[in-house]
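Spelled out from the first residue to the last, the chains are:
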Amino acid sequence: MEITFFGTSAGLPTKERNTQAIALNLEPYSNNIWLFDVGEATQHQILHHSIKLGKVDHIFITHMHGDHIFGLPGLLSSRSFQGGEGLPLTVVGPKGIKEFVETTLRLSESRLNYPITYIEIENHLSYQHNGFNVEAHLLNHGITSFGYRVEAPSTQGKIDVQALKSIGLEPGPKYQEVKNNETFEYNGKIYDSSQFKGDEKQGPVAAIFGDTMPCNNELLIARNANVMVHESTYIEGDKNLANNYHHSHIDDVFDLIKEANVEYSLITHISNRYTQEEVESISELLKTKSDTPPFKFVKDFDTWSF
Ligand SMILES: [Zn+2]
Ligand SMILES: [Zn+2]
């Protein structure tokens with residue numbers, strides 16, 4: 001799978017960074033793309049990329065702050081003309097997301113040519129789609145904010161041809177039965193299929209956070225994730241300042257990475273007080289410390305495969 005950032009700024013856009021938007025390309029498990037947050041001008045950013053809006057079948061909103069949702073009505077309208085006609089869309093988010101979209105569309109007399117299903121989360125979401133499992137948990141951001149844990153489908157273990165040959169079963173259509181069933185019958189005997197297959201492999205896990213200061217639920221979302229996307233509005237200086245505004249400081253994020261055993265972290269939602277040059281030099285400095293976990297401060301259009 002692949003994560004692409006269309007906006008990496010906090011609060012306001014800058015000349016270098018747009019407000020928040022992340023695309024999760026589900027290949028090879030699905031041809032669809034899921035968006036997480038749609039800051040203002042997300043659709044303009046997408047025009048500079050090969051992603052087609054028609055492929056987006058789910059939009060997950062972390063919270064209702066403008067830097068995460070002000071691009072939504074425009075993007076939904078454009079989807080009608082960019083391959084989305086007749087293709088259903090599911091919008092998942094906090095209570096109020098449906099009213100926000102429907103009110104802006106109604107007042108602007110915009111009509112969509114595809115259906116939208118809304119899922120409004122109260123406290124927790126457990127959602128399954130095409131083998132994917134999505135969990136959402138509440139964060140601590142002053143306003144209702146969620147983090148999403150996305151687990152890709154697990155893949156079956158490979159057929160052990162040698163083991164099957166040893167019971168006299170040569171490659172053929174029967175192998176499909178071994179692959180798909182818990183037991184199979186051969187020459188009047190019932191066999192346990194798992195004895196003839198490798199272990200099932202859990203698909204990759206992504207943890208994608210909305211704005212938050214540190215809280216216990218973060219661990220539920222991030223535990224053992226292959227990749228984590230997390231805000232760090234403050235990448236240096238006083239930690240209390242970040243937490244006073246219900247945001248995270250880079251030290252909070254590093255603590256979480258270690259505690260949750262996250263493999264790699266992409267850090268976004270960076271305050272507009274920092275120029276790109278400053279972000280890079282702070283990054284260099286952090287990476288000289290031996291206890292700094294693997295991470296990257298992302299910028300717009302950065303991608304990460306996992
Ligand atoms: Zn924000
Ligand atoms: Zn926010």
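Conventions used here
Residues numbered from 1 in each chain as written. Chains lettered and ligands numbered in written order. Predicted model: local features only at pLDDT ≥ 70, side-chain atom pairs only at ≥ 80, totals over all residues. Heavy atoms only, no water. Helix = DSSP H or I, 4+ residues; strand = E, 2+ residues; numbered from the N terminus. Buried < 20%, exposed > 50% of the residue type's maximum accessible area, 1.4 Å probe, protein only. Contact = heavy atoms within 4.5 Å. Areas by Shrake-Rupley, 256 points an atom, 1.4 Å probe, with all protein chains shown as cover. Lys, Arg positive; Asp, Glu negative; His and termini not counted. Charge placed at Lys NZ, Arg CZ, Asp CG, Glu CD. Donors = N, O, S within 2.8 Å, 3.2 Å for Na, K, Ca; no water. Tetrahedral: all angles 85-135°; square planar, octahedral: opposite > 155°, others 65-115°. UniProt positions renumbered as here; feature names shortened; annotations may be inferred. Pairing = 2+ DSSP bridges. Right-handed = clockwise from strand over helix to strand, strands pointing away. Axes fitted to C-alpha atoms, helices over the stretch in contact; angles between N-to-C directions. Core = buried A, V, L, I, M, F, W, Y, C linked by side-chain atoms within 4.5 Å.

Caption draft 1: Region of the structure containing the overall build of the protein chain. Helix and strand counts for the protein chain stand at 10 helices and 16 strands. Taken over the C-alpha atoms alone, the protein chain extends approximately 70 × 55 × 35 Å along its principal axes. A buried classification covers 51% of the 306 residues belonging to the protein chain. Restricting the contact set of the protein chain to residue pairs at least 6 apart, pairs at least 24 apart contribute 62%. Of the roughly 14600 Å² of accessible surface on the protein chain, a fraction of 48% belongs to carbon and sulfur atoms. Charge-centre separation for the protein chain: the mean point of 25 positive side chains lies 5 Å from the mean point of 40 negative side chains.

Caption draft 2: Layout of the coordination of the zinc ion (ligand 1). Ligation of the zinc ion (ligand 1) by protein atoms is provided by Asp67 (OD), His68 (NE2), Asp211 (OD) and His269 (NE2), these donors lying 2.1 to 2.2 Å from the ion. The site at the zinc ion (ligand 1) holds 4 donor atoms, and with the angles between them running 88 to 172°, its shape is irregular. If you list the donors of the zinc ion (ligand 1) from N- to C-terminus, the spacing comes out as D-H-x142-D-x57-H. Between the two metals, the zinc ion (ligand 1) and the zinc ion (ligand 2), the spacing is 3.4 Å, and Asp211 donates to both. With respect to class, Asp67 is no different from His68; both count as buried.

Caption draft 3: Structural context of the UniProt feature "active site" (unreviewed entry) in the protein chain. Here the UniProt feature "active site" (unreviewed entry) sits at Asp67. With respect to the helices, strands and loops of the structure, Asp67 is situated in helix H2 (residues 66-69). With relative accessibility at 10%, the residue Asp67 sits in the buried group. Not counting residues up to four positions away in its chain, the partners in contact with Asp67 are Ala10, Gly11, Thr19, Gln20, Gly39, Asp211 and His269.

Caption draft 4: Representation of the pairing of strand E5 (residues 89-94) in the model. A large share of E5 lies buried, amounting to 6 of its 6 residues. Bridge count between E5 and strand E6 (residues 116-121): 6 bridges; the pairing is parallel. When the bridges of E6 are listed, Val91 appears paired with Tyr118. Handedness of the crossover joining E5 and E6 through helix H4 (residues 97-107) is recorded here as right-handed.

Caption draft 5: The sheet that holds strand E1 (residues 2-7), seen in detail. Taken in spatial order, the 7 strands line up as E6-E5-E4-E3-E2-E1-E16 in an open sheet, and their pairing is mixed. Across the chains shown, the open sheet's two edge strands, defined by having one partner strand only, are E6 and strand E16 (303-305). Averaged over all adjacent pairs, the angle separating strand axes in this sheet is 15°, with direction ignored. Where E1 lies against strand E2 (residues 21-25), 5 bridges are found, and the strand directions are antiparallel. Across the sheet, the residue bridging to Gly7 is Ala21, located in E2. The strands that helix H3 (residues 72-79) touches are strand E3 (33-38), strand E4 (56-60), E5 and E6; relative to E4, the one it contacts most, it runs at about 170°.

Caption draft 6: Structural context of the nonpolar core. Ile3, Leu24, Trp34, Phe36, Tyr148 and Leu266 are the most contacted members of the largest nonpolar core, which totals 27 residues. In this structure, Leu139, Phe209, Ile250 and Tyr274 belong to the second largest nonpolar core, which totals 26 residues.

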